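Close look at the chain arrangement
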Amino acid sequence: MGLFTGKVAIVTGAAGGIGRESAIQFAQNGAKVGLADINEAGLAETAKRIAEAGGESISIMTNVADSKACDDMVAKTVSAFGKLDIIFNNAGISGDRAVITDTSNDMWDKVIAINLTGVFNCTRSALPEMVKNGSGVIVNTASVDGLVGMGTLSPYVAAKHGVTGLTKTTALEYSRKGIRCVAICPGYIVTDMTNNALAQEEVDGFNAMIPLGRGATPAEVANFVIWLASDQASYMNGSVHQIDGGLLSGMGLIT
Ligand SMILES: NC(=O)c1ccc[n+]([C@@H]2O[C@H](COP(=O)([O-])OP(=O)(O)OC[C@H]3O[C@@H](n4cnc5c(N)ncnc54)[C@H](O)[C@@H]3O)[C@@H](O)[C@H]2O)c1
């Protein structure tokens, strides 16, 4: 009997990185999984790995910035698997890096639309199914950039701070309907997002700042997501959790 036997989960941003690893772990623990992303080839690879592990999933091309697509994502998952118990709102982009005066409205709007409005859209689409069941878990991916600032990433930082606030408000509004909502704040995780954005000297700089001395694998984040979404975390609610190797612990690292 797996942690999620008989449960149905949706993972957004399931075509790679943290989302793919989490989707695989949900399936390995017995959940049937709706895989949502804009990357069709990446979704197919995640679905293949789930099938190889003996799990069950459906792939749904979904732009989380589009509220109708999010409604469709939930409807297709419920039509395939009968209900919805868990949603991991994880899709996100970092956006182009620039100081505020060099940040265009287009870039601001795009990052906010995917990283913040996307979480709102998916949450709003998922909640009626969870309310109908009288239970549910929502895990949102924020970031350490949802807790502190980060130069050259103003739309990302604003969106991720928004996700932490939305997480708390979701918990306030829906806990009495049996629904928990929590957020994770990853630090430096080695995925396509960071591999594409960071030069080697920046990677070295991060590793030097992180008390554990390295970035995390996506699987290390997925391990935490799985636990938070499970009944083992039944009293975790409205809370925001760093998973950052100690990055935000403070200053004065002794090496
Ligand atoms: N990698 C890190 O260091 C790090 C740190 C903190 C937070 N995060 C957050 O973790 C989440 C996952 O990122 P990752 O590191 O696994 O990166 P990733 O690039 O590997 O995965 C992000 C996924 O989101 C998908 N996506 C992008 N726009 C989308 C849209 N409009 N609709 C649906 N899907 C979309 C991408 O196709 C991709 O598959 C993001 O929210 C990111 O902000 C990452």
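Relevant structure appears above.
In short, a report on the structure. The structure displayed is predicted, hence computed values, not measured ones.

Here we come to the site of the ligand. Lining the immediate environment of the ligand, one finds 29 residues, of which Asp-37, Asn-90, Tyr-156, Ile-189 and Thr-191 sit closest. The separation between an oxygen atom of the ligand and a polar main-chain atom of Ile-18 is 2.8 Å. When the ligand sits alone it has 820 Å² of accessible area, and the protein chains cover 92% of it. Residue assignment for the shell around the ligand shows that the elements contributing at least two residues are helix H1 (17–28), helix H5 (154–174) and helix H6 (192–197). Here the shell around the ligand is composed, by residue class, of 13 nonpolar, 13 polar and three charged.

The subject of this paragraph is the pairing of strand E2 (residues 32–37). In summary, the side chains of a regular strand alternate between the two faces of the sheet. For E2, the buried fraction is high: five of the six residues fall into the buried class. Two elements, strand E1 (residues 8–12) and E2, share five bridges in a ladder whose sense is parallel. Paired with Ile-10 across the two strands is Gly-34, which belongs to E2. As defined by bridge partners, E2 adjoins strand E3 (residues 56–61) across six bridges and the pair is classed as parallel. By the bridge assignment for E3, Ala-36 is matched with Ile-60. Crossover connection from E2 via helix H2 (residues 40–52) to parallel E3: handedness right-handed.

Once that is clear, we can look at the sheet that holds strand E6 (residues 179–186). Across a sheet, strands are paired by hydrogen bonds formed along the backbone, either parallel or antiparallel in direction. Strand order in the open sheet formed by seven strands is E3-E2-E1-E4-E5-E6-E7, and the pairing between neighbours is parallel. Both edges of this open sheet fall to E3 and strand E7 (240–243), since each of them pairs with a single strand only. Ignoring strand direction, the axes of neighbouring strands in this sheet form an average angle of 20°. Sheet topology note: the strand E4 (residues 86–89)/strand E5 (residues 136–141) ladder contains four bridges and is parallel. The partner of Phe-88 across the bridge, within E5, is Val-139. Most of the contacts of helix H8 (residues 218–229) go to E6, to which it runs at about 165°, and overall it touches E4, E5, E6 and E7.

Below, the discussion takes up the packing of aromatic side chains. Counting across every chain of the model gives three aromatic pairs. With a centroid separation of 5.6 Å and an interplanar angle of 25°, the aromatic rings of Tyr-188 and Phe-206 are classed as stacked. Separated by 18 residues along the polypeptide, Tyr-188 in the loop between E6 and H6 and Phe-206 in helix H7 (residues 200–209) bring together distant segments of the chain. The same class applies to Tyr-188 as to Phe-206, namely buried. Centre to centre, the rings of Phe-224 and Trp-227 are 6.5 Å apart; their planes meet at 10°, and the pair counts as stacked. Placement of both Phe-224 and Trp-227 in helix H8 is noted, with a separation of three residues, approximately one turn of the helix. Residue Trp-227 is classed as partly exposed on the basis of its relative accessible area, which comes to 31%.

Relative to the helices and strands, Pro-155 resides in helix H5. Its relative accessible area of 4% is what places Pro-155 among the buried residues. It is 29 Å that separates the C-alpha atoms of Pro-155 and Ala-9, two residues lying 146 residues apart in sequence. The residues contacting Pro-155, other than those within four sequence positions of it, are Thr-103, Met-107, Trp-108, Val-111 and Ile-112.

Per the counting criterion, the structure on display carries nine salt bridges. A salt bridge links Lys-48 to Glu-52; the nearest nitrogen and oxygen atoms lie 3.9 Å apart. You can see Lys-48 and its partner Glu-52 sitting in helix H2, four residues apart, about one turn around the helix. You can call Lys-48 partly exposed: its relative accessible area is 45%. For Glu-129, the salt bridge goes to Lys-132, with nearest N and O atoms at 3.1 Å.

Quick notes on the rules
Each chain carries its own residue numbering, running from 1 in the direction its sequence is written. The model is predicted, so local features are restricted to residues of pLDDT at least 70 and side-chain atom pairs to those at 80 or more, both for listing and for counting; the totals for chains, interfaces and linings are taken over all residues. The basis for every side-chain value is the complete set of non-hydrogen atoms in the structure, without hydrogens or water. Throughout, near means a residue has at least one heavy atom within 4 Å of the molecule or strand. Any pair of nitrogen or oxygen atoms within 3.5 Å is treated as a polar contact; in protein, a donor-acceptor pairing is required on top of that, and neighbouring residues in sequence qualify only through side-chain atoms on both sides. In these tables, accessible area is a Shrake-Rupley quantity obtained with a 1.4 Å probe, and a residue counts as shielded only by the protein chains included in the view. Secondary structure elements follow DSSP: runs of H or I no shorter than four residues count as helices, runs of E no shorter than two count as strands, and numbering proceeds from the N terminus. Following the grouping adopted for this structure description, the nonpolar residues are Ala, Val, Leu, Ile, Met, Phe, Trp, Tyr, Cys and Pro, the charged ones are Asp, Glu, Lys and Arg, and the polar ones are all others, Gly among them. Relative accessibility under 20% of the residue-type maximum defines a buried residue, over 50% an exposed one, and the middle range a partly exposed one, all with a 1.4 Å probe and only protein chains included. At least two DSSP bridges between two strands are required for those strands to pair. Here a crossover is taken to be right-handed if, once the strands point away from the viewer, the path from the first strand over the helix to the second is traced clockwise. A fitted line through C-alpha atoms represents every axis, and for helices the fit uses only the stretch in contact; the resulting angles, taken between N-to-C directions, go from 0 to 180 degrees. By definition in these notes, contact holds between two residues if any of their heavy atoms fall within 4.5 Å. Only the six-membered ring of Trp is used, alongside the rings of Phe and Tyr, when aromatic pairs are assigned; centres must lie within 6.5 Å, and planes under 30 degrees apart are stacked while those over 60 apart are edge-to-face, with the rest tilted. For this document, the term salt bridge refers to a Lys or Arg side-chain nitrogen within 4 Å of an Asp or Glu carboxyl oxygen.

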